[in-house]
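Coordinates in review
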Amino acid sequence: MLALLCGASLTGLLFAGVSRLEQDRLVLAFTQRAHVREFALREGINNAIDGLRAVNQLFVSQPAVSREEFRRFTRPLLERYPYVMAYDYKHFITADQRAATEASLRLHAPGARVTEFREGKVVPAGARPRYRVIEFIEPYRGNEAAFGLDSLYSSADETARQRAYDTGLPMASPLVKLAQTDSKMGMLIAMPVYRFDASLPDVPARRAALVGETGVTLLPAEMVSMILMVSGLHQVHQQALRIQGVGLHVYAGSQPSAETLVYYAPPPARRLAALAPPLSWLYRRPPAPLDVPLEVAGRTWHVVASMSEDILVADHLASLSTLVLGILTTLLGTAYVHSIATRHRAIARRVEERTAQLNEANRTLLLRERAIESSRNAILIVAAADDYPIVYVNPAFERSTGFKAAEVMGRNPRLLYRDDVDQPDSELIRSALREQRDGHATLRYYRKDGTLFWSETYVSPVRDENGIVTHFVSIQHDITAMKAYETELHHQATHDALTGLANRVLLHDRLQQNIAQAAVRGHSLWVVSIDLDRFKFTNSRVGHKAGDRLLQGIAERLQAAVRPIDTLARLGGDEFALMLLPEEGARKPSLEQLQRVLTSLNQPVVLDGKAQFIAGSAGVAIYPDHGADPTTLLERADIAMFRAKELGGDNYKFYTHAMREQLGERVQMENALRQALERREFVLYYQPQVDIGSGRIVGMEALIRWQHPEMGMVAPGRFIPLAEETGMILPMGAWVLRSACQQLRTWQSEGHRNLRVAVNVSARQMAEQGFVGSVADVLVEAGLDPTCLELELTESLVMNDVEHAIVVMRQLKKLGVKLAIDDFGTGYSSLAHLKRFTVDVLKIDQAFVRDLTVDPDDAAIVTTIIALAANLNLQVISEGVETLEQLSFLRAHGCSQMQGYYFSRPVPASAFGAVLDENDARLAAGSAAPLGVALHS
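Remember, it's a predicted structure, so these values are computed and weren't measured experimentally.

Okay, the overall build of the protein next. Counting its secondary structure elements, the protein contains 28 helices and 34 strands. Taking 2.2 N^0.38 as the reference for a compact globule, 937 residues should give roughly 30 Å; the C-alpha atoms of the protein span a radius of gyration of 57 Å, well beyond that estimate. Each principal axis of the C-alpha distribution contributes one length, and for the protein these read about 140 × 130 × 55 Å. Per-residue burial over the protein gives 45% buried out of 937 residues. Counted over contacts in the protein with a minimum sequence separation of 6, partners at least 24 positions apart contribute 64%. Carbon and sulfur atoms make up 55% of the accessible area of the protein, which amounts to about 47,500 Å² in all. Taking the 99 positively charged and 107 negatively charged side chains of the protein as two groups, their mean positions are separated by 9 Å.

This is the structure:
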């Protein structure tokens, strides 16, 4: 086979070399013949251009040339270059010279006149300032139509002509339709004629001296054919049949295309035998067509030569002969070598059989030794004798344990246990050794440096040829990483990924365990459900990433407030749960334990340099009073937590059975609340805001009411907190703002000028990105002056995120809206913050007004707020004024405005119009005081 391959390879190399030489010879011959044709064409065209140069010199050498001189001069040129269609002279004339020129033309050809080539026909030239008229043309016969032709009219080659005029060189036109032929396309080559003896130093001088041009007209197809014929290249001689014939394409343009093709001669037919497949596949295809550019008076032509696609036998006789001889030689040599190789193989086979048997045992032993040495698992062999001494360890054992082989030889494998000998699985290994069988166990081993690692250990007995166990082999697979991964998975399955606290699964498990212990010991435990108040609002404002960091900080605070024996878990979102166990010696947990946890939330959390105030609501369920299993206790703790939220949040409630019914009512109210806006169940009531000095109504506060078809008039305290929690406060607040502004605009149009309306704004509205824009849209929609709108912000709202509140308040002030701090004095704002708030009004909460006539502390607070507002140039309004004594106190201490039952209860819009009319009438009658004699209900 080797001889055959070598012979075939050598034959292939020789064949490839010879065929390459043949191919190179064909390509060389083809290239030479292509360039011969290109050279013949170049010489022929240059001869015609040289003739044009000679004609041009006739006009350069003398001041005037007669028609007879032009004829005599061009006749030998036309005889020498039969492919030239005509030589001509064109003269520039003006419109004034046209008559004289036509008279001159008629001397040579009666009836001649200046013509133009229009729409394929020769017609009399139209009137224009300048003409370029063919005055001389030879031969005249056949070119009569061009005599007197104005070549300036619709000339397609003026750009080329202009280059000729500027350079003095001949320039060729593209293919154009000739006037003296019916359909043939021709080419014109023009050369300028300047005024005799004119100085031509530059382009302007040439243009000024230009008087005409000489030209030569060519028919490219006939010209190429004649040039090749004159050169003897128009036919293929018999001798040339031995070489591939050459086909020729001539393109009179810069890009070869069907439009510029002027000559085509296919490769000549061959009468020699051609190779057929598969032999033809052994040879390369003929070379690609050769494109030779040809410069013709400033224009580029393309001469494209091509070869026949046939692969002829005559062209490749040498390579075919090499192939045949090489194949025959290879076959004969292969047969000879095969006979010799057969004898040698028979002898070698006998030798190999003998040596293979001798080496097999050595290879097997060496393979086993290398496999053991290369194993990544630790392998040791112990003798089946007392104390099972170690007789071999592989390198992996040394790497995994840190012991060198010499340090463990003869010692018992128990040295890896150290003091940890009471492992449950170690007995499995000892039993396998005693019973001389396979064994498997997962054990803790210790390295030489004392570090622990886990090993999955396999033990198998080794028997001799008689079946007696002489050794045991042990394979130890290090599974420390897998054990660590299992530990990590267990931690992830039982802990919250964000905070690291216990999750619901772990909390449920610990509750079950502690409930079982509490049942035995007879003590109780508490399950506390904690939910952060308004966290969704805070999270949407600061962003989810910052919200996650906020939850982590809160989790750390809560964890620091509980004991290690208690369990704090995060159940999801902002919901936490806590298992509280009794303190030592007690039978039940204490309120101090719960209060300590909730108090940890009181301090603000600093997030990205801003203080965030977070409070929590908690619900407590007690084992065994409220349930005996984790699910029930968690469910009832949630119910108690929801009740704490309903009562305003930031407190805790213990579960009672009545709460379940209240929860059902809450769910029913939430469902009804979501449909109330669509069903138009909300109505606005208005409570007057009155100037204490004059008794005039200067504004009103818009208060929402819910008129439910079944529950009747629902108090705001029942549904506003629920709307805040569920997010319904956003569409509800937008409706209140739009309705109040539209109603005020209606009252203003009825003649009640100088009124303002106060609208309460919730924290969730303030947090919305487009809140300020929505206020502006409502004002535009209602057509209301921004100064007539007052937005009331609670003190706790603005203090929750001071920086954000300041930004929004400044944007609202840019609109022109008035701002009021509602319930002032009930929160924890500082004077430093109040100075930064761009507010107009402080509203004294009714909690201070209610007892100001009997409680010195309330009176002191009210007078302080009034004085503070006066010093800050702020208006002050007192809420909840119900008695004449309260009004008198406020008037005496400088409070400018009030609202409350003493003047009027909140009334619907239809009744408020009557209140306005009555107030206007009273003021008109001069009975403004005393204020509030009649109460409106």
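We now examine a nonpolar patch on the surface. Among the surface-exposed residues, Leu4, Ile327 and Leu331 lie close enough to one another that they form a single nonpolar patch of about 240 Å² accessible area. Here Ile327 lies in helix H7 (residues 317–374).

Two elements in contact, helix H12 (residues 504–521) and helix H16 (residues 630–646), have axes whose closest approach is 9 Å; the angle formed by their N-to-C orientations is 110°. Considering their axes alone, H12 and H16 lie roughly perpendicular with respect to each other. On H16, the residues touching Leu507, His508, Leu511, Gln512 and Ile515 of H12 are Pro630, Thr631, Leu633 and Leu634.

For Leu228, the position within the fold is in helix H6 (residues 220–230). Taking the relative accessible area as the measure of exposure, Leu228 reaches 3% and is therefore buried. Each C-alpha atom, one on Leu228 and one on Arg587, is 126 Å from the other, the two residues being 359 residues apart in sequence.

The next point concerns the side chain of Thr567. In this fold, Thr567 is placed in strand S19 (residues 567–572). Only 3.4 Å separates the side chain of Thr567 from the side chain of Arg510, close enough to count as a polar contact. With residues near it in sequence (within four places) discarded, Thr567 still touches Ala502, Leu507, Arg510, Ala577, Leu578 and Met579.

It is worth spelling out the side chain of Thr214 at this point. With respect to the helices and strands, Thr214 occurs in strand S8 (residues 210–218). Side chain to side chain, Thr214 and Asn56 meet in a polar contact 3.1 Å long. Excluding residues that lie within four positions of it along the chain, Thr214 makes contacts with Leu52, Val55, Asn56, Phe59, Asp88, Tyr89, Ile189, Ala190, Met191 and Val193.

Below, the discussion takes up the state of the cysteines. Within the structure shown, the criterion is met by zero disulfides. Unpaired in terms of disulfides, Cys788 finds its nearest cysteine sulfur in Cys741, a separation of 9.5 Å.

We now examine the packing of aromatic side chains. On inspection of all chains with the given rule, the structure shows 20 aromatic pairs. Relative to Phe70, the ring of Phe59 has its centre 6.1 Å away and its plane inclined at 55°; by these criteria the two rings are tilted. Taken together, the residues Phe59 in helix H1 (residues 2–60) and Phe70 in helix H2 (residues 67–80) connect sequence positions 11 residues apart. Classification of Phe59 by relative accessible area gives buried; the value is 9%.

Parameters and conventions
Residues numbered from 1 in each chain as written. Predicted model: local features only at pLDDT ≥ 70, side-chain atom pairs only at ≥ 80, totals over all residues. Heavy atoms only, no water. Helix = DSSP H or I, 4+ residues; strand = E, 2+ residues; numbered from the N terminus. Rg over C-alpha atoms; globule rule 2.2 N^0.38 Å. Buried < 20%, exposed > 50% of the residue type's maximum accessible area, 1.4 Å probe, protein only. Contact = heavy atoms within 4.5 Å. Areas by Shrake-Rupley, 256 points an atom, 1.4 Å probe, with all protein chains shown as cover. Lys, Arg positive; Asp, Glu negative; His and termini not counted. Charge placed at Lys NZ, Arg CZ, Asp CG, Glu CD. Patch = residues over 30% accessible without salt bridge, like charges linked within 9 Å, V, L, I, M, F, W, Y side chains within 5 Å. Salt bridge = Lys/Arg side-chain N within 4 Å of Asp/Glu carboxyl O. Axes fitted to C-alpha atoms, helices over the stretch in contact; angles between N-to-C directions. Parallel < 35°, antiparallel > 145°, perpendicular 65-115°, else oblique. Polar contact = N/O pair within 3.5 Å; in protein donor to acceptor, adjacent residues only side chain to side chain. Disulfide = S-S within 2.5 Å. Phe/Tyr/Trp six-rings, centres within 6.5 Å; stacked < 30°, edge-to-face > 60°.

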